[in-house]
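Now for the letters of each chain:
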Amino acid sequence: QVQLAESGGGLVQPGGSLRLSCAASGSIFSSLAVGWYRQPPGKRRELVAHITSAINTYIEYSDSVKGRFTISRDNAKNTVYLQMNSLKPEDTAIYYCHTTYSGRPYWGQGTQVTVSS
């Protein structure tokens, strides 16, 4: 079983930065692909960024965040990060991390990001 816990959300002005963390339990974390998703108010959850396992790492971003967000992982700390720069009001959402293990999806509880002046 895998447990995920997000942190690092908050209120930030447009143009500001935040770094989200997704801390995971379990020794198998380095072998798992992890995605960051977000759900804006009244909208569907969408994939923001995705990083594969530590071996032959592959990263992808949604077009809406490409060039502004960076996903990375520190397997020694069992943590995946999402560095968010040049934030815009439309980035306001609850951000979740996600992984799949043994065919089951796992989600964290989410962390709120609000971009507003």
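A. Molecular detail of the pattern of salt bridges. Applying the stated criterion across every chain yields a total of 4 salt bridges. For Asp91, the salt bridge is made with Arg38, and the minimal N-O distance between the two is 2.9 Å. One end of the pair, Asp91, is in the loop between β8 (79-84) and β9 (93-101); the other, Arg38, is in strand β4 (residues 34-39), with 53 residues separating them in the sequence. Classification of Asp91 as buried rests on a relative accessible area of 0%. Overall, the relative accessible area of 4% leaves Arg38 in the buried class. The closest approach of N and O atoms between Arg68 and Asp91, which form a salt bridge, is 2.8 Å. A residue pair is termed long-range when its members are at least 10 positions apart, and Arg68 in the loop between β6 (59-61) and β7 (69-74) and Asp91 in the loop between β8 and β9 qualify at 23 residues. Residue class for Arg68 comes out buried when judged on its relative accessible area of 11%. Members of the salt-bridge network, linked through shared partners, are Arg38, Glu46, Arg68 and Asp91.

B. Structural context of the sheet that holds strand β3 (residues 18-24). Read across the sheet, 4 strands follow the order β1-β3-β8-β7 without closing on themselves; strand pairing throughout is antiparallel. Two strands in the sheet have a free side with no partner beyond their single neighbour: β1 (4-7) and β7. Each strand axis lies, on average, 15° off the axis of its neighbour in the sheet, ignoring direction. The sheet contact formed by β7 and β8 spans 6 bridges and is antiparallel.

C. Inspection of the pairing of strand β5 (residues 46-51) at higher detail. Relative to β5, β4 is paired through 5 bridges, and the arrangement is antiparallel. Within the sheet, the bridge partner assigned to Gly35 lies in β5 and is His50. Between the antiparallel neighbours β4 and β5 lie 6 residues, among them Gly42 with a positive phi of about 75°. In the sheet, β5 pairs with β6 via 3 bridges, with the strands oriented antiparallel. Residue pairing for β6: Ile51 is matched across the bridge by Ile59.

Reading the values: the criteria
Here the residue index of a chain counts from 1 through its sequence in written order. Where local features are concerned, this predicted model is filtered to residues with pLDDT of at least 70; where side-chain atom pairs are given and counted, the filter is 80 or more; whole-chain, interface and lining totals use all residues. With hydrogens and water excluded, all non-hydrogen atoms of the structure serve as input to the side-chain values. Just to be clear on terms, a salt bridge is a Lys or Arg side-chain nitrogen sitting within 4 Å of an Asp or Glu carboxyl oxygen. A helix here means a DSSP run of H or I that spans at least four residues, while a strand means a run of E at least two residues long, and both kinds are numbered starting from the N terminus. Classification of residues uses two cut-offs on accessible area relative to the type maximum, computed with a 1.4 Å probe and protein chains only: under 20% is buried, over 50% is exposed, and between them is partly exposed. Should DSSP find at least two bridges between two strands, the strands are taken to pair. All axes are obtained by fitting lines to C-alpha atoms, using only the stretch in contact for helices, and the reported angles, taken between N-to-C directions, cover 0 to 180 degrees.

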